[in-house]
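Here is what each chain is made of, one letter per residue.
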Amino acid sequence: MPAVSPTLRVLTVSVIASLSVTGCQALTDTGRVLGRSDLVNDLAARLDGALTETWAADYQFDGGRTASIAQTQQPLRSTYTWPDGKITVTQDAITRCATAGGRTNCTVLPPTVTAGKPSVLVYTEAKKLGLVTPPAVMRLLTDAALDPDAVITQSDTTVAGHHATCVDVRRSTDAFHTCVTSEGVLGSFAGTLDGRPTEMTLNRFSAAVDATAFDLPAGAGVVDRRPATS
């Protein structure tokens, strides 16, 4: 069984502890009742479990922009690619690429210990650039679960041919809709993250990953800042 990341473990435990005191607000889905803590725990487990699996996913953003995420366990590596750049983490390096004026430049840095989850570092770097990441969406869900006035409605759907659990969240401060597939992959998100309104939908998911997903962009300029080895 995959280990639960410290961040998601803290978030989930905090929600459950709070709800043990304040009581559970029911969620309705065609007559079915589900406690808030059950929902948050389930989605957290799915998203966290996916961090230790091999898969690739392509996404469509509003406005026609696209992005892709890929990760493998043997070898251990993860990458997030979007029109303006790419972040790749492997056991050998952290590579950040940025595209501007029709030219792509990449910087290769020394590797960082990832405790078996290079995707954690990839998502951290991606969030700094305003990109949608599973942990960022999970944070919104946790905040909503802790809000006694939030209205959270659960539903089920199919995204890119895969079953997904969805939640529609309405709060006094914001509102968003998100889906998570049975495999633990973010299926869709529509709302505001860090002050930026965005919509993202999964349009392809595969348990097989093409090795070229981790290659440097064709024609990119590369600066390798790793220490020279003798």
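Everything below is about the structure shown above.
Remember, predicted model here, so these are calculated numbers, not experimental data.

S.K.: What is the right way to read the packing of aromatic side chains from this model?
M.R.: The description of an aromatic ring pair rests on the distance of the ring centres and on the angle between the ring planes. Taken as a whole and assessed by the stated rule, the structure comprises three aromatic pairs. A centroid spacing of 6.1 Å and a plane angle of 85 degrees characterise the contact between Tyr80 and Trp82, whose relative ring orientation is edge-to-face.

S.K.: Quick question: what am I supposed to make of the sheet that holds strand β13 (residues 196-206) here?
M.R.: Adjacent strands of a sheet pair through backbone hydrogen bonds, lying either parallel or antiparallel. Across the sheet, twelve strands lie side by side as β9-β10-β11-β12-β13-β3-β4-β5-β6-β7-β8-β14; this open sheet has mixed pairing. Looking at the sheet topology across the chains shown, the edges are occupied by β9 (151-159) and β14 (221-224). Adjacent strand axes in the sheet meet at a mean angle of 15 degrees, parallel and antiparallel pairs treated alike. Pairing of β9 with strand β10 (residues 162-170) involves nine bridges; the strand directions are antiparallel. Note on β10: the bridge partner recorded for Thr158 is His163. Helix-sheet contacts for helix α3 (residues 118-128) involve β3 (55-61), β4 (66-73), β5 (76-82), β6 (85-90) and β7 (94-100), and the interaxial angle to β5 is about 25 degrees. Against the sheet, helix α4 (residues 134-145) touches β9, β10, β11 (175-181) and β12 (186-193), its axis set at about 65 degrees to β12.

S.K.: What is the right way to read the environment of Gln73 from this model?
M.R.: On the secondary structure map, Gln73 appears in strand β4. What makes Gln73 partly exposed here is its relative accessible area of 24%. Residue contacts for Gln73: discarding those within four places in its chain leaves Leu51, Thr52, Glu53, Thr54 and Gly116. Separated by 3.3 Å, the side chain of Gln73 and the backbone oxygen of Glu53 make a polar contact.

S.K.: I would appreciate a short explanation of the state of the cysteines in the present structure.
M.R.: When the sulfur atoms of two cysteines share a covalent bond, that bond is a disulfide. Tallied over the entire structure, the rule returns two disulfides. Between the sulfur atoms of Cys97 and its disulfide mate Cys106 the distance is 2.1 Å. On the sign convention where negative means left-handed, the S-S torsion of about 110 degrees between Cys97 and Cys106 marks this disulfide as right-handed. Under the relative-accessibility criterion, Cys97 is labelled buried at 7%. There is a disulfide in this structure between Cys166 and Cys179, and the S-S distance comes to 2.0 Å. On the sign convention where negative is left-handed, the bridge of Cys166 and Cys179, at about 105 degrees about the S-S bond, is right-handed. Of the two residues, Cys166 sits in strand β10 while Cys179 sits in strand β11, which places them 13 residues apart along the sequence. A single burial state applies to Cys166 and to Cys179, both of which are buried.

S.K.: Help me understand unusual backbone geometry, please; the structure alone is not making it clear to me.
M.R.: Trans is the prevailing form of peptide bonds, just as negative phi is the prevailing case for residues other than glycine. Cis geometry marks the peptide bond from Gln74 to Pro75; its omega dihedral reads 0 degrees. As for its position among the elements, Pro75 is in the loop between β4 and β5. One non-glycine residue, Asp194, adopts positive backbone phi at about 50 degrees. When you line up the elements, Asp194 lands in the loop between β12 and β13. Owing to a relative accessible area of 51%, Asp194 belongs among the exposed residues under this scheme.

Parameters and conventions
- All residue numbers refer to position in the chain's written sequence, counted from 1.
- Local features in this predicted model are restricted to residues whose pLDDT is 70 or higher, and side-chain atom pairs enter the listing and the counts only when it is 80 or higher, whereas totals over whole chains, interfaces and linings include all residues.
- Note that the side-chain values use all heavy atoms of the structure and ignore hydrogens as well as water.
- The pairing test for Phe, Tyr and Trp rings, Trp by its six-membered ring, is centres within 6.5 Å, and the orientation test on the planes gives stacked under 30 degrees, edge-to-face over 60, and tilted for anything in between.
- At least two DSSP bridges between two strands are needed for those strands to be called paired.
- Per the convention used, a helix needs a DSSP run of H or I reaching at least four residues, while a strand needs a run of E reaching at least two, with both numbered from the N terminus.
- Only C-alpha atoms enter the line fits that serve as axes; for helices the fit covers just the stretch in contact. Angles between N-to-C directions range over 0 to 180 degrees.
- In this description, contact between two residues means that some pair of their heavy atoms is separated by no more than 4.5 Å.
- Throughout, exposure labels follow a simple rule: accessible area from a 1.4 Å probe, protein chains only, divided by the maximum for the residue type, with under 20% read as buried, over 50% as exposed, and the rest as partly exposed.
- The term polar contact refers here to a pair of N or O atoms within 3.5 Å; inside protein, the definition further demands a hydrogen-donor-capable atom paired with an acceptor-capable atom, and it admits residues adjacent in sequence only when both atoms are side-chain atoms.
- Pairs of cysteine sulfur atoms within 2.5 Å are what we label disulfides.

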